[in-house]
Amino acid sequence: MHFEVLAQCSTTKARISRMVITLLPTFMPVGTQAAIKGLTSQQMEDFGITLILNNTYHLNLRPGLKVLGEAGGAHLFQGWRKNLLTDSGGFQLVSLSQFTKITEDGALFASPFTGEPTLLTPEESISIQHTIGADIIMQLDDVVPSLTTGPRVEEATHRSIRWLDRCIAQHESKGQAKQNLFAIIQGGLDSKLRDICLDEMIKRKQSVAGYAIGGLSGGEAKGDCSSTCIARCTSKLPVDRPRYAMGVGFAEDLLVCVALGVDMADCVFPTRTARFGVALTFTGPLNLRLSRYSHDMDPIDIACPCPACQSGTSRALLHHNIGLETATAHAVTQHNVVFQARLMGAARDAILKGEFPGYLRSFFRTYYGETGYPRWVVDALQSVGVDLLEGIQDPKITNDDGKKWDYAQ
Amino acid sequence: MSTARSSFPPVPTLEFQLKSPSVWPKFSPRLGQLSVTRPGHDTPENRGGKVELLTPGLMASTTRGVIPHLTRDNVRRTPCVKWVHVPFESFLQVDPPIPTLQKSSYPLHTFLGFPPAQHLVSLSLRDPADGREMPPNGKLFAAAHSSRGARKVTCPAYRSYITATRPDIVFSMSDIPFNSPPHSQKRISKSIERSAQWLMSIFTPPNAPLVTEFQDRPTAGLASESISLAIQRLNVFVHMVGGIQPAARSAFAAALLEPLEPKEKQLVQLATLDEGVSGYVFDLVPIRVALVAERAETTASTRHPYHPSLSEVNGTVTESLASLIRASLQDLPVTKLRLVNTAYSPHEMLRLIRDAGVDLFDTYWAQQAANWGVALDFRFPVAPDQGRKQAATEQPKKYQVGHNLYEQQFAHDFTRLTDSLLDDLEYSKRQNDSAAASLHSGKSELAICSCAACSPTWSNDPLLHSTSDDTGIELGKRESASPYTRAYIHHLLHTHEMSAHALLVMHNLTVMDAFMCEVRAVLQRDHDLNSHSGSHGQGMATGSNALPGANGATFFATEVARFEQMYDDGLQVLAEAKVCWAEVDLARGKGRLARERAKASGA
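Small disclaimer: the values here were computed from a predicted structure and weren't measured. All residue numbers here refer to positions counted from 1 along the written sequence of the relevant chain. By the order in which they are written, chains take letters starting at A while ligands take numbers starting at 1. Restriction of local features to residues with pLDDT of at least 70 applies here, the model being predicted, together with a cutoff of 80 or more for giving and counting side-chain atom pairs; totals for whole chains, interfaces and linings are based on all residues. The side-chain quantities take in all heavy atoms of the structure and omit both hydrogens and water.

Visitor: I'm lost on the sheet that holds strand β3 (residues 50–55) of chain B in this one. Help?
Guide: Hydrogen bonds along the backbone pair up the strands of a sheet, which may run parallel or antiparallel. All names here are of chain B. Note on pairing: two strands pair once DSSP finds at least 2 bridges between them. Put simply, DSSP H or I for four residues or longer makes a helix, DSSP E for two residues or longer makes a strand, and each gets a number counted from the N terminus. Here we have three strands laid out as an open sheet, ordered β1-β2-β3, and antiparallel in their pairing. Unpaired on one side and paired on the other, β1 (13–18) and β3 mark the two borders of the sheet. Strand-to-strand twist in this sheet, taken as the mean axis angle between neighbours without regard to direction, amounts to 15°. Judged from the six bridges that link them, strand β2 (residues 32–37) and β3 form a sheet pairing that is antiparallel. Bridging from a neighbouring strand, S35 pairs with E52 of β3. Angular values range over 0 to 180 degrees, each being the angle between N-to-C directions of two axes fitted as lines to C-alpha atoms, with helices fitted over their stretch in contact.

Visitor: Help me out: how do you make sense of the layout of surface pockets in this one?
Guide: To find leftover empty space, a probe the size of one water molecule is rolled over the atoms. All names here are of chain B. Cavity: a set of points on a 1 Å grid over the protein atoms alone where a 1.4 Å probe fits but cannot get out. Pocket: an open set with protein on both sides within 12 Å along at least five of seven lines, its lining residues, like those of a cavity, having an atom within 4 Å of a point. Grid points are joined across faces, edges and corners, and a volume is the space filled by probe spheres set on the points. For the second largest pocket, the calculated volume is near 600 Å³. Considering the residues around the second largest pocket, the lining is formed by 23 residues, among which D377, Y399, Q400, H403 and D419 are closest to the centre. Of all the secondary structure elements, the ones that give two or more residues to the lining of the second largest pocket are α11 (384–392), β15 (402–404) and α18 (572–588). When the residues that make up the lining of the second largest pocket are grouped by side-chain class, the tally is six nonpolar, eight polar and nine charged. By the convention adopted, Pro, Cys, Tyr, Trp, Phe, Met, Ile, Leu, Val and Ala count as nonpolar, Lys, Arg, Asp and Glu as charged, and the other residues, Gly among them, as polar.

Visitor: Help me understand the state of the cysteines, please; the structure alone is not making it clear to me.
Guide: All names here are of chain B. Any two cysteine sulfur atoms lying within 2.5 Å of each other are counted as a disulfide. Inspection of the entire model under this criterion finds zero disulfides over all chains. Not engaged in a disulfide, the cysteine C80 finds its nearest cysteine sulfur in C449; these two sulfurs lie 8.6 Å apart. On the basis of relative accessible area, C80 is assigned to the partly exposed category, the value being 24%. Between C451, a free cysteine, and C449, which holds the nearest cysteine sulfur, the sulfur-to-sulfur gap is 3.7 Å. Each residue's exposure class comes from its accessible area (1.4 Å probe, protein chains only) as a fraction of the maximum for that residue type: buried when under 20%, exposed when over 50%, partly exposed otherwise.

Visitor: Just to check I follow, could you spell out the interface of chain B and chain A for this structure?
Guide: The accessible area lost on association of the parts is a frequent measure of interface size. Counting residues at the interface gives 55 residues for chain B, matched by 58 residues for chain A. Here the quantity called buried area is the accessible surface, traced with a 1.4 Å probe, that two parts lose on coming together, added over both. Both sides of the chain B and chain A interface together cover about 4,900 Å² of buried area, and 56% of this is carbon and sulfur. For chain B, the biggest contributors to the area lost against chain A are W458, H465 and M498 of chain B; these three give 15% of the whole. In what follows, salt bridge is the name for a side-chain nitrogen of Lys or Arg lying within 4 Å of a carboxyl oxygen of Asp or Glu. Counting every contact that joins chain B to chain A gives five salt bridges. Only heavy atoms enter the contact rule, under which two residues are in contact if any of them lie within 4.5 Å.

Here it is as structure tokens:
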């Protein structure tokens, strides 16, 4: 797979690189069922998105492999001509856990629609992903919720390594060169297990096009846990392979991850929260359902190039229609997709110009200046040489996770 | 004498010109051209310009100010959408209504994102597709439906909304009863009286001083100090009331034509009410409800959203509708626009054009078809050999006007949405294919569906989020993409994905526009034939509605008959699709988790 690092931040571990046709670091919107909800492929391409995610588990159920095969793959099926990444179905082991039973063979799923059992083995997952035809495919990993402790985590770590080998075997025997397999580092929040997983999976480097850091974003605490874990992983992972943080979507998390050396991330958050009426901005989210927006004639963000903001769609109109008109859900979705892309685009420009620490400082001052900097963000960035609080008189620090919300007043 | 210069930009000029000679029978189909000219202004959003529409033509329906399922960029991708109709009532949930707060030369256009350069926006108080039971109107107010309940709207209030939002065309407030018919004679008389009175008040500028002279229509840049008040003549359409009683309809028309009292004349600067009217509107929902009640067959559907049953839309009903329309228009000038709301099939539209000379229709039924997963696909005129094939079979089953994409047969169907229209890619291919070119003399027999589902286009003009983003693209070069397939939309519908409806709305609106194009082309053939032939008086003398022709038949009437023979006018496909949609919605839509939990605990 074509991957080249174009420039490295001299302070943090961030870098700008090109992977196939996508510039990294980037955020990948999630189109679970072969569509970004409410939007067409033409719209997504016009928003400047070049890489989206489809979900293997869901596509395997509907429309199913026969249809996808006849269509010539998921790209052609949904009319998307840029890059596609499929995840293996591993996350559904956790999210749909009431339906699953894990064995060494694979994961036994009961279909949530028909109750019919399906065994998802590593070989089967890769085979399905071959039919789907995404540019980047993921190994099937044994995922445990990040807050789980005990022997199950160790079992999952070692099994994920074994499953990686089976995925590699399947992919190398049956796969096409244009599809690129990523490994997923597991190990929960246990640094020893993570190290074991890292060492083993790095040994398979020649058969692996990139590394994902999985098993996080399960509600664990930000500070001692996920960002430390990510830092540990990125410090060991080879620099000539893209690093993918799975399930990361909040702006603050994305930028910290990029500073720690992560190149890509996906999350349903921006698109899902849009449908619930929450628009993302550089000062925090706007909950358009709140009555304070009922007479607000400004667009979500006057500087935003999305079609909704460019045409001056007022917060008042969005407030009037959210939850009642699908077109409004689509408008906020467009905005949030573009917001995420702008966030990462500005990061890329800053890294290229050698100004990434400055970008971090200015973004976080706008974002957290009023409400207070979460300690975990300050510490994480400190660890890569960026002092967010430099030059700020009496900085406000908080001890929470820093998740911003828009409250009724 | 005070110089009161208008503080608002002048109302756009509405012009409607009939192509067909006005000596033709009053209710024969006619071709026309509608234009709205905006006076030049300095604001970029209103830089002069004209919006033009050919008739018979279409207007798009909106709910809460949006074309359902379409974001603004998708409206731009559907350029056939020009006229957009906005019922104001949904905005009454707060006071003052939000659109009135928009600062702009064209507040309603700006608030809703329909640029004046591309769109004509009309405003009515009520949603023409809303037939639900309402509290009774009063002498001085109409009951309107907002999401927070019924609101009483007075004429001055309505007038103030118009002044604040400046739509291009305004439908006057009318007293149409929305409670169970039959309506008494007294009620109908009240309806006529009030509607005329409310029309009068639309023409009355608020706080207008009395003027002693008849003023000409003001033009932009008035500076003359001798004109004491520039009266802004709104472009007003009026609902033709009178229910299902021809006599009542005639009475309303008479009220429009009645010479005004001197005082009234001075106030509104019109000799008759009709003089201030630019178009006549017929809302079919309340008429159908009343017709069905009269026949006491079934209770008409007043459920919301409006979906008439078979008994409400068949040929007999359309005939009654046409005769009621004619009763209203009999004595009124032919030169004004005739607009019908919620005609519920292409058949009904064709019949109303043929029998009542209707000029404009809303696309409500086509938009609703998209809500339920139906992709429209029909040809008018019917293909020459299609007719022959039908005749050959013994028991010809009628075609449906579209496809219910929920059906299993589409799961593996990788063709585009229509058989009756081509997609851009295939059209180009046919043009390039020399063999085909010689066969069809270089012209494709089928037209293209240029919608964003059948002929999607890559703009190659993406947002660039960082300076290194643009490599590898030939910026700005538009490229045709493959059509979205029936299999894909089938999948989207079954997985409860909203993009299905966005694609189907863009498609159905485009098919309807192509349909109207063809209707106009056929009417043009009649027009050309008859403008070459001799006397036109025959039609008038015999009182028939047909234009003179070989045997009195017209191309149009012939094609309508063939269409009726070919396609099912009961829209079976819509009824079936609605059932499928409801099933998926129950399984995957709002409230699903609660239902699943209940099912699990109950089991």
